[in-house]
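The primary structure of each chain is shown beneath.
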Amino acid sequence: MSEKHLVRKAFTDALLAAAKEDEAIIALATDSRGSVTLGDFANELPLQFVECGIAEQNAVGIAAGLSNAGLKPFVCSPACFLAARSAEQVKVDVGYCHSNVKLMGVSGGISYGALGTTHHSTQDIAWMRTIPGLQVIIPADANQMTACVKALCQSEEPAYVRMGRGAVEDVYGENPPFHIGKANRLRAGTGLAIIACGEMVAPALKAADALGAAMYDMHTIRPLDVDAVLEAACCGRVLTVEEHCVAGGLGSAVAEVLCQRKPVPMKIMGLPNEPLYNGSSDEVKEHYGLTAEGIIKAAQELMK
């Protein structure tokens with residue numbers, strides 16, 4: 001893991017390539033073509049691009065209508081606004097109606113760190129994973145995002161996909177294994193299993209290497225790979241790591257399985273359920289221990 005790439009750029013590059021082959025693919029923006037890096041898409045395929053303005057609710061409703069007409073809409077918007085402002089439209093127009101709409105939340109987690117709580121997206125997974133029928137996916141890096149887009153274009157299931165804003169270390173090479181609902185075990189180990197998602201996979205893998213722990217990339221939060229969770233529990237202890245509030249996210253999903261199927265000592269690492277300190281994304285992660293060093297420290301405490 002050395003090179004860094006923008007996951008959001010990998011998304012738009014892959015979407016543009018797919019849309020050139022399939023005119024049913026439509027990208028919708030909410031005055032977000034710059035932050036999502038949709039400029040090339042809008043310029044090259046103007047008939048497959050819809051600018052909705054700062055109106056996330058309308059964008060989701062329009063996308064549901066496009067889906068009913070047989071098209072394949074991708075709503076591209078900052079995650080903090082897409083998840084919160086359009087909550088009812090996601091619940092009813094996408095989830096309840098089971099519309100083939102892909103909700104692409106960009107700059108998720110604490111990507112907008114210095115802009116504060118209004119722009120943090122740390123409750124989106126908790127909300128989205130309760131919507132019946134809605135897949136929830138958090139790719140770990142740019143290469144996995146490219147594979148994810150290919151899978152999404154072939155799927156007719158509604159989905160919420162979250163990505164960050166800054167460059168992310170490569171976890172995977174080109175054409176990585178990616179199957180919606182199937183976790184990737186990145187490392188075998190004993191005594192402890194670490195389960196991470198999104199931008200936390202890279203530091204969690206470094207921690208797992210240092211600890212000799214097993215490591216799982218749980219890129220799909222819903223449907224959760226229950227078999228992978230139970231396999232991880234066989235290590236005796238489970239540590240989950242996510243760039244999300246500790247309530248309702250990956251850790252909660254894993255705990256729901258383990259408490260009923262295979263109880264083991266467990267710790268959930270994430271962001272506290274309170275207003276967060278402001279600063280750059282890296283500064284906020286450092287403050288709350290969401291680094292390789294912080295993960296090692298939490299793991300050592302769990303293993304005592």
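In the block above lies the structure referred to throughout.
Reference entry: report on the structure contained in this document. If you're wondering where the values come from, they're calculated on a predicted model, not measured in any experiment.

1. Focus on the packing of aromatic side chains
Scanning all chains against the criterion turns up 1 aromatic pair. Relative to Tyr288, the ring of Tyr277 lies with its centre 6.4 Å away and its plane at 40 degrees, an arrangement referred to as tilted. Here Tyr277, found in the loop between β14 (266-271) and α12 (281-287), pairs with Tyr288, found in the loop between α12 and α13 (292-302); they are 11 residues apart in sequence, far enough to count as distant. Positioned over the ring face of Phe81 is Arg85, at 4.3 Å from the centre of the ring.

2. Notes on the pairing of β14
Pairing between strand β13 (residues 238-245) and β14: 5 bridges, direction parallel. Following the sheet pairing, Cys245 is matched in β14 by Leu271. Between β13 and its parallel partner β14, the chain crosses via helix α11 (residues 250-261), and the hand of that crossover is right-handed.

3. What about the pattern of salt bridges?
Summed over the entire model, instances satisfying the criterion amount to 12 salt bridges. With its nearest N and O atoms 3.8 Å apart, the salt bridge here joins Glu243 to Lys285. Taken together, the positions of Glu243 in strand β13 and Lys285 in helix α12 put the pair 42 residues apart, joining distant regions of the chain. Both residues of the pair, Glu243 and Lys285, count as buried. Overlapping salt bridges, with partners in common, bring together Glu199, Glu243 and Lys285 in one network.

4. Details of the packing of helix α4 (residues 56-68) against helix α6 (residues 87-96)
Relative orientation and spacing of two packed helices are given, respectively, by the angle between their axes and the distance between those axes. Two elements in contact, α4 and α6, have axes separated by 9 Å at closest approach and are oriented at 0 degrees. Between α4 and α6, the angle is such that the two are roughly parallel. Across the interface between the two elements, Gln57, Val60, Gly61 and Ala64 from α4 touch Gln89, Val90, Asp93 and Val94 from α6. Within the contact of α4 with α6, the residues separate by chemical class into 4 nonpolar, 3 polar and 1 charged.

5. Structural notes on helix α10 (residues 226-233)
By the burial criterion, the buried members of α10 are Ala228, Val229, Leu230, Ala232 and Ala233. Elements that come into contact with the buried residues of α10 comprise β10 (193-196), β11 (214-217), β13 and α11. Of the residues that open α10, the one with a side-chain oxygen 3.3 Å from the backbone nitrogen of Asp227 is Asp225.

6. Topic: the sheet that holds strand β7 (residues 159-162)
Across the sheet, 7 strands lie side by side as β3-β2-β4-β5-β7-β6-β12; this open sheet has mixed pairing. Taken across any chain shown, the strands that pair with only one partner, and hence form the sheet edges, are β3 (49-51) and β12 (220-222). Here the strands of the sheet are splayed against their neighbours by 20 degrees on average, with no regard to which way each runs.

Rules of the game
- Residues numbered from 1 in each chain as written.
- Predicted model: local features only at pLDDT ≥ 70, side-chain atom pairs only at ≥ 80, totals over all residues.
- Heavy atoms only, no water.
- Phe/Tyr/Trp six-rings, centres within 6.5 Å; stacked < 30°, edge-to-face > 60°.
- Helix = DSSP H or I, 4+ residues; strand = E, 2+ residues; numbered from the N terminus.
- Lys NZ or Arg CZ within 6 Å of the ring centre and 35° of its normal.
- Pairing = 2+ DSSP bridges.
- Right-handed = clockwise from strand over helix to strand, strands pointing away.
- Salt bridge = Lys/Arg side-chain N within 4 Å of Asp/Glu carboxyl O.
- Buried < 20%, exposed > 50% of the residue type's maximum accessible area, 1.4 Å probe, protein only.
- Axes fitted to C-alpha atoms, helices over the stretch in contact; angles between N-to-C directions.
- Parallel < 35°, antiparallel > 145°, perpendicular 65-115°, else oblique.
- Contact = heavy atoms within 4.5 Å.
- Nonpolar A, V, L, I, M, F, W, Y, C, P; charged D, E, K, R; others polar.
- Polar contact = N/O pair within 3.5 Å; in protein donor to acceptor, adjacent residues only side chain to side chain.

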